Amino acid sequence: MPTIVESAASLELTGIELAFGKNKVLRGVDLAVPAGSTACVIGPSGSGKSTLLRATNRLLEPAAGDIKLGGESVLKSNPDELRRRIGMVFQHFNLFPHKSVLDNITLPLRKLKKLTKEGAAEAALEQLELVGLKEKASARPGNLSGGQQQRVAIARALAMKPEVMLFDEATSALDPELVKGVLGLMADLADAGMTMVVVTHEMGFARQVADQVAFMDHGVVVEAGPPDKLFTAAESPRLRQFLSQVL
Amino acid sequence: MDIWSTLNDTFLDWESMKAVLPEMLKVGLVNTLILAAASVVLGTVLGMIVAVMGLSRRRWLRWPAKVYTDIFRGLPAILTILLIGQGLSPITRHWWGPNPYPLGILALSLIAAAYIGEIFRSGIQSVEKGQLEAARALGFGYSMGMRLVVIPQGVRRVLPALVNQFIALIKESSLVYFLGLLASQRELFRIGQDAAATNGNLSPLLLAGIFYLIITVPLTHLVNWFDKRLREGRPADLEVEELVHADHR
């Protein structure tokens, strides 16, 4: 993948708390992701991983804590503007089915970045070429495989030139034979210097690509560190138990 | 007199059909189309407003929409038409005289909006939550995300139900005759009914029925075709194809 990352920024989460009613889902999460590095977040279902991603781009508003993007606190800024700086990829792709692949990518470029129709199409095709799907520009998302849809979703997020990318179990809904292609693309993106937070159940990916791995349980980061250390010399009994179940 | 001859005289009196045909075309059809088209447009706009209000997170917007829908869906159409058409005419007389059309259109639109609002609401609610979430994650605000991503998908899902409502509206437009129409204001049904009374047979009404079918049946097929096209997507966009293949030439 050619160098596509223009302005990767650092991301720092401190003491993030979030509750749904009385149910405290995040209980003071700390996570620091230096610019251009990849953090993989692992943990059992219901541990708060996906909620943490949604708190990071303020799709869910944290009740306490601070979020710093490129060293600046963004909790008081306009959340819509913040989200234009943070790309997000979902488990179920969430492409807009009523629009063509190209229009899925050009829509935010035209409406939010105010690019001309031609400028947006050019930028979108450039991203589609990077993910190997330029030929599918005029297709509807429903006519693509799951893996292709996820690559389009990644292209859509990248077209906004984000400073950080969030991946929420991006391969969990894919057929096994399609997982590799999407993980390969994410690894390329990490190599290209994107700042990434990846919630994943793919332990192989976390081990090979992540600069740090954070293990979450019951709304807190129980243990974090370089993948080699975490996977081979876990300190907390809870992480050791989790790894013994998934590896 | 045998049965066939009776039925023939009652329904297939070609002479009385021929006599009423020009008026039905020039006056009745035009007036029915005006009534129906105006009510469809106004009813759809009001219906979308009712739907969006009904989906609002704010209770003070949600409740009026619910009360509105309950009232206008719960009353017989003829009652609403008479209450609005006759009840408001002393007030509106200053603006457009005794013409019953504006109030008739208003009454039909208010009734339609209650049904159309519910159709839109169910369509919009059927769109997966991930769609709005994806739009918001890209940086769209709530209203823009709803307008560009969620509502278009919701509306497409309910197109057949929406057209059923339009067809009901076309048929219900005949009820404005209760408001009293001048000769030039009569719509298809009234012209058919007047001619049937004069000729002593129902053939002009049968002709009016045929005109209603000429409007409604193609509408159903048109929406089915449109629905299919939306599901399958448009034929490949030539402009996009040109851009895609530009490098390969």
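Rules of the game
- Residues numbered from 1 in each chain as written.
- Chains lettered and ligands numbered in written order.
- Predicted model: local features only at pLDDT ≥ 70, side-chain atom pairs only at ≥ 80, totals over all residues.
- Helix = DSSP H or I, 4+ residues; strand = E, 2+ residues; numbered from the N terminus.
- Rg over C-alpha atoms; globule rule 2.2 N^0.38 Å.
- Buried ≥ 20, exposed ≤ 12 C-beta atoms within 10 Å, placed from the backbone.
- Contact = placed C-beta atoms within 7 Å.
- Nonpolar A, V, L, I, M, F, W, Y, C, P; charged D, E, K, R; others polar.
- Core = buried A, V, L, I, M, F, W, Y, C linked by C-beta atoms within 7 Å.
- Pairing = 2+ DSSP bridges.
- Axes fitted to C-alpha atoms, helices over the stretch in contact; angles between N-to-C directions.
- Parallel < 35°, antiparallel > 145°, perpendicular 65-115°, else oblique.
- Left-handed = near helix turned anticlockwise from the far one by under 90°.
- Expected span 1.5 Å × (residues − 1).

*Asks:* Before we move on, can you summarise the overall build of chain B with the specific residues and values?
*Replies:* Looking only at helices and strands, chain B features twelve helices and zero strands. Mapped in sequence order, the helices and strands of chain B form the string α-α-α-α-α-α-α-α-α-α-α-α. Taken over C-alpha atoms, the radius of gyration comes to 23 Å for chain B, far larger than the 18 Å a tight globule of 249 residues would show. Summarising its shape, the C-alpha atoms of chain B cover approximately 75 × 55 × 35 Å along the three principal directions. Expressed as a percentage of the 249 residues in chain B, the buried residues total 36%. Sequence-distant contacts, at least 24 apart, represent 74% of the contacts inside chain B between residues at least 6 apart.

*Asks:* Now, about the overall build of chain A: what can you tell me, with residues and values included?
*Replies:* Of regular secondary structure, chain A possesses nine helices and ten strands. Against the compact-globule benchmark of 18 Å for 247 residues, chain A has a radius of gyration of 18 Å, which places it among compact chains. Its C-alpha atoms put chain A at 55 × 40 × 35 Å along the principal axes. Counting every position in chain A, which comprises 247 residues, the buried fraction comes to 49%. Summarising the internal contacts of chain A: among those between residues at least 6 apart in sequence, 67% fall at separations of at least 24.

*Asks:* Outline the interface of chain B and chain A, supporting the account with residue identities and numerical values.
*Replies:* With 23 residues of chain B in contact, the opposing surface of chain A contributes 27 residues. Taken together, the elements giving at least two residues each to the side of chain B that touches chain A come down to α7 (129–138), α8 (142–157) and α12 (238–245) of chain B. Ranked by residues supplied to the side of chain B that touches chain A, first place goes to α7(B) with seven residues. Grouping the constituent residues of the side of chain B that touches chain A by class yields twelve nonpolar, six polar and five charged.

*Asks:* Describe the environment of V67(B), and please don't skip the residues or the numbers.
*Replies:* Assignment of secondary structure puts V67(B) in helix α3 (residues 59–74). Separated by 138 residues in the primary sequence, V67(B) and L205(B) have C-alpha atoms spaced 38 Å apart.

*Asks:* Quick one: what's the story with the nonpolar core, residue by residue and with numbers?
*Replies:* V41(A), A124(A), A155(A), F167(A), M186(A), V197(A) and F215(A) are the most contacted members of the largest nonpolar core, which totals 120 residues. Non-local contacts of F167(A), meaning those with residues more than four positions away in its chain, are made with V89(A), M186(A), M196(A), V198(A) and V199(A). Counting 13 residues, the second largest nonpolar core, distinct from the first, contains V20(B), A196(B), L207(B) and A208(B).

*Asks:* Can you explain the sheet that holds strand β3 (residues 38–42) of chain A? Please cite residues and give values.
*Replies:* Residue and element names in this part refer to chain A. The strand order β6-β7-β8-β3-β9-β10 describes an open sheet built from six strands, whose pairing is mixed. On the outer flanks of this sheet lie β6 (86–89) and β10 (220–225), each paired with one strand and no other. Each strand axis lies, on average, 20° off the axis of its neighbour in the sheet, ignoring direction. Pairing analysis gives four bridges linking β6 to strand β7 (residues 164–168), with the strands arranged parallel. Opposite M88, over in β7, you have L166 as the bridge partner. Those strands touched by helix α1 (residues 49–56) are β3, β6, β7, β8 (195–199) and β9 (212–217), and its axis lies near 150° from that of β8.

*Asks:* Can you lay out the sheet that holds strand β4 (residues 64–69) of chain A for me, pointing to particular residues and giving the numbers?
*Replies:* Residue and element names in this part refer to chain A. Ordered by their spatial adjacency, four strands build an open sheet running β2-β1-β4-β5, and the pairing between neighbours is antiparallel. Lying at the two open borders of the sheet, with one neighbouring strand each, are β2 (23–33) and β5 (72–73). In terms of strand pairing, strand β1 (residues 11–20) meets β2 through eight bridges, oriented antiparallel. Considered in β2, the bridge of A19 is made with K24.

*Asks:* With reference to specific residues and values, describe unusual backbone geometry.
*Replies:* Residue and element names in this part refer to chain A. Look at R58: it is not a glycine, yet its phi comes out positive at around 60°. Structurally, R58 can be placed in the loop between α1 and β4. Exposure remark for R58: the 19 C-beta atoms within 10 Å place this residue in the partly exposed category. Unusually for a residue other than glycine, K161 sits at a positive phi of about 55°. Within the element layout of this structure, K161 appears in the loop between α5 (146–159) and β7. A residue is classified by how many C-beta atoms lie within 10 Å of it, and K161, with 17 of them, is partly exposed.

*Asks:* An account of the packing of helix α2 (residues 14–55) of chain B against α3(B) is requested, with residue identities and associated values reported.
*Replies:* All names here are of chain B. Taken N-terminus to C-terminus, the directions of α2 and α3 make an angle of 130°; their axes are 7 Å apart at the nearest point. Classified by the angle between their axes, α2 and α3 sit oblique to one another. For the crossing formed where α2 meets α3, the hand is left-handed. Facing V50, M53 and G54 of α2, the residues of α3 in contact are L61, R62, P64, A65, K66, Y68 and T69. Tallied by class, residues from the contact of α2 with α3 come to six nonpolar, two polar and two charged.

*Asks:* How would you sum up helix α10 (residues 188–199) of chain B? Please name residues and give values.
*Replies:* Residue pairs three or four apart in sequence face the same way in an α-helix, which turns once every 3.6 residues. Residues and elements named next belong to chain B. For α10, with twelve residues, the first-to-last C-alpha span of 16 Å sits near the 16 Å given by 1.5 Å per residue. Taken residue by residue, α10 has L188, F189, R190, I191, G192, A195 and A196 as its buried positions. Positive backbone phi, approximately 75°, marks G200, located one or two places after α10.

*Asks:* Help me get a handle on the environment of M194(A), residues and values and all.
*Replies:* Residues and elements named next belong to chain A. Note on placement: M194 falls in the loop between α6 (176–191) and β8. Take M194: there are 23 C-beta atoms within 10 Å of it, and that puts it in the buried class. If sequence neighbours within four positions are ignored, M194 has contacts with V5, A8, M165 and L189.

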